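So you can see what is in the structure, the chains are spelled out below.
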Amino acid sequence: MEYVAAALLGFAGGTLGGLVGVGGGVLFVPALAIFLDQSQIHAEATSLLAIVFVALVGAWRQWGYGNVRVRDGLVVGALSPLGVAVGVVISNAVAERTLELMFAALALVFAVQLFRRALRSPTAPNSVRSGSGSSGAAGPHD
Amino acid sequence: MAIGTAAGAFSGLFGVGGGTVIVPLLILWLGYGEREATGTSLAAIVVIAALAAAGQGLYGNVDIGNALVVGAPAMFGVVAGAALQQRLPERAVAFLFAALLVATAVALVLP
């Protein structure tokens, strides 16, 4: 039964990954810790391997849909170890609670900005907003 | 690029894959469309997670069997999720992501 629950959470995590471009670890870690009895550290480590599976398949599918800028993705990925080093130093210097609150605040700032951008931007992704809409008599605005 | 460093920093700080940071930065800094940001984020996560998993594997912290229990159904999930995403307007993808960020923030603030 625990395996079924873990597998279901795994499927949900993968679906989330396909929908919004994350690895799914946010669901994998609790699945591994709660249903498969792994410690937090082992669950996070094991989750990383599951994320590799998801990201490989997801990037392949999204590439097929024309949604991957391969070079940018590889550059971001290749530079991440530098950031990990910085992050580990910071995490040892700052209290964990402070970090959590900082990240929560950042997530909220991102959420507000994404929300406002989505409200502003036209629904068609390739319609440029360069001055053509001033006399738009027909068609939905915004 | 600053995004890679920032994503890595958050990965190191919070033990996440980095997508939570990569997707908004690609959209807000580089002007990516929402779909492109999520696809490119997954490509970056392949590299990030592979490096991190290899490192954790050296410490013996990775349980391959459990990774398959969760990861194998997740591969079907991501195929379904990506297919579903192509039918959604980009605005809906942005709202979904914003909702995920709010949920993350709430989970972090709660003890």
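Residues numbered from 1 in each chain as written. Chains lettered and ligands numbered in written order. Predicted model: local features only at pLDDT ≥ 70, side-chain atom pairs only at ≥ 80, totals over all residues. Heavy atoms only, no water.

**Q** Residues and numbers for empty space enclosed by the protein, please.
**A** As enumerated under the stated definition, the model contains 1 cavity of 30 Å³ or more in all. Counted as a void, the largest cavity has a volume near 40 Å³. Lining the largest cavity we find A:L114, B:V23, B:I27, B:E34, B:T38, B:V93, B:A94 and B:F97. For the lining of the largest cavity, the secondary-structure elements that each account for two or more residues are helix 2 (19-28), helix 3 (34-58) and helix 5 (90-109) of chain B. Among the elements that take part in the lining of the largest cavity, helix 5 of chain B stands out by supplying 3 residues, more than any other. Considered class by class, the residues forming the lining of the largest cavity number 6 nonpolar, 1 polar and 1 charged. (1 Å grid on protein atoms, 1.4 Å probe; cavity = no way out; pocket = protein on both sides within 12 Å on 5 of 7 lines; lining within 4 Å. Points joined across faces, edges and corners; volume = space filled by probe spheres on them. Helix = DSSP H or I, 4+ residues; strand = E, 2+ residues; numbered from the N terminus. Nonpolar A, V, L, I, M, F, W, Y, C, P; charged D, E, K, R; others polar.)

**Q** For the environment of A:R97, give the residues involved together with the corresponding values.
**A** As for its position among the elements, A:R97 is in helix 5 (residues 96-120). In this structure A:R97 touches B:L108, B:V109 and B:L110, once residues within four positions along its chain are discounted. Only 2.9 Å separates the side chain of A:R97 from the side chain of A:E100, close enough to count as a polar contact. (Contact = heavy atoms within 4.5 Å. Polar contact = N/O pair within 3.5 Å; in protein donor to acceptor, adjacent residues only side chain to side chain.)

**Q** So, the packing of helix 2 (residues 25-35) of chain A against helix 3 (residues 40-64) of chain A: which residues are in play, and what are the values?
**A** How two helices sit against one another is set out by the angle between their axes and by the gap between those axes. Residues and elements named next belong to chain A. Look at helix 2 against helix 3: their axes get within 8 Å of each other, and the N-to-C directions meet at 135°. By the angle between their axes, helix 2 is oblique relative to helix 3. Every pair of crossing elements has a handedness; the one defined by helix 2 and helix 3 is right-handed. Contact residues: helix 2 offers G25, F28, V29, L32 and A33, while helix 3 offers Q40, A43, E44, T46, S47, A50, I51 and V54. Of the residues contributing to the contact of helix 2 with helix 3, the split by class is 8 nonpolar, 4 polar and 1 charged. (Axes fitted to C-alpha atoms, helices over the stretch in contact; angles between N-to-C directions. Parallel < 35°, antiparallel > 145°, perpendicular 65-115°, else oblique. Left-handed = near helix turned anticlockwise from the far one by under 90°.)

**Q** I'd like to hear about the nonpolar core, residue by residue, with values.
**A** Among the nonpolar cores identified, the biggest contains 53 residues, and A:F28, B:I22, B:V70, B:F97 and B:L101 are the most heavily contacted of them. At the level of secondary structure, the elements contributing two or more residues to this core comprise helix 1 (2-20), helix 2, helix 3 and helix 5 of chain A together with helix 2, helix 3, helix 4 (64-87) and helix 5 of chain B. Once residues lying within four places of it in the same chain are set aside, the contact partners of B:F97 are A:V20, A:V22, A:L114, B:G19, B:T20, B:V23 and B:P24. (Core = buried A, V, L, I, M, F, W, Y, C linked by side-chain atoms within 4.5 Å. Buried < 20%, exposed > 50% of the residue type's maximum accessible area, 1.4 Å probe, protein only.)

**Q** I'd like a rundown of the interface of chain A and chain B, residues and numbers included.
**A** Facing the 81 residues of chain A at the interface are 83 residues of chain B. Buried surface at the junction of chain A and chain B, summed over both partners, amounts to about 7200 Å²; 77% is from carbon and sulfur atoms. Contact with chain B buries area across many residues of chain A, yet A:L19, A:F103 and A:L114 alone supply 10% of it, more than any other trio. Between the two partners, chain A and chain B, sit 2 salt bridges. In this structure, the salt-bridge partner of B:E36 is A:R69, at a minimum N-O distance of 3.0 Å. Remark: the boundary between chain A and chain B carries 17 residue pairs in polar contact (both at pLDDT 80 or more). (Buried area = accessible area lost by both parts, 1.4 Å probe. Salt bridge = Lys/Arg side-chain N within 4 Å of Asp/Glu carboxyl O.)

**Q** Could you give me a rundown of a nonpolar patch on the surface, with the residues and numbers involved?
**A** On the surface, A:W60, A:W63, A:V70 and A:L74 cluster together into a nonpolar patch covering about 470 Å² of accessible area. Tracing the chain through its elements places A:W63 in helix 3. (Patch = residues over 30% accessible without salt bridge, like charges linked within 9 Å, V, L, I, M, F, W, Y side chains within 5 Å. Areas by Shrake-Rupley, 256 points an atom, 1.4 Å probe, with all protein chains shown as cover.)

**Q** Talk me through the pattern of salt bridges; I want residue IDs and the actual numbers.
**A** If you walk through the whole model with that rule in mind, you get 4 salt bridges over all chains. Residue A:R97 pairs with A:E100 through a salt bridge whose shortest N-O separation is 2.9 Å. Highlighted residues: A:R97 and A:E100, both in helix 5, separated by 3 residues, approximately one helical turn. A salt bridge links B:R35 to B:E90; the shortest N-O distance between them is 3.9 Å. Remark: B:E90 occurs in helix 5 and B:R35 occurs in helix 3; sequence separation between them is 55 residues. The burial state of B:R35 is the same as that of B:E90; both residues are buried.

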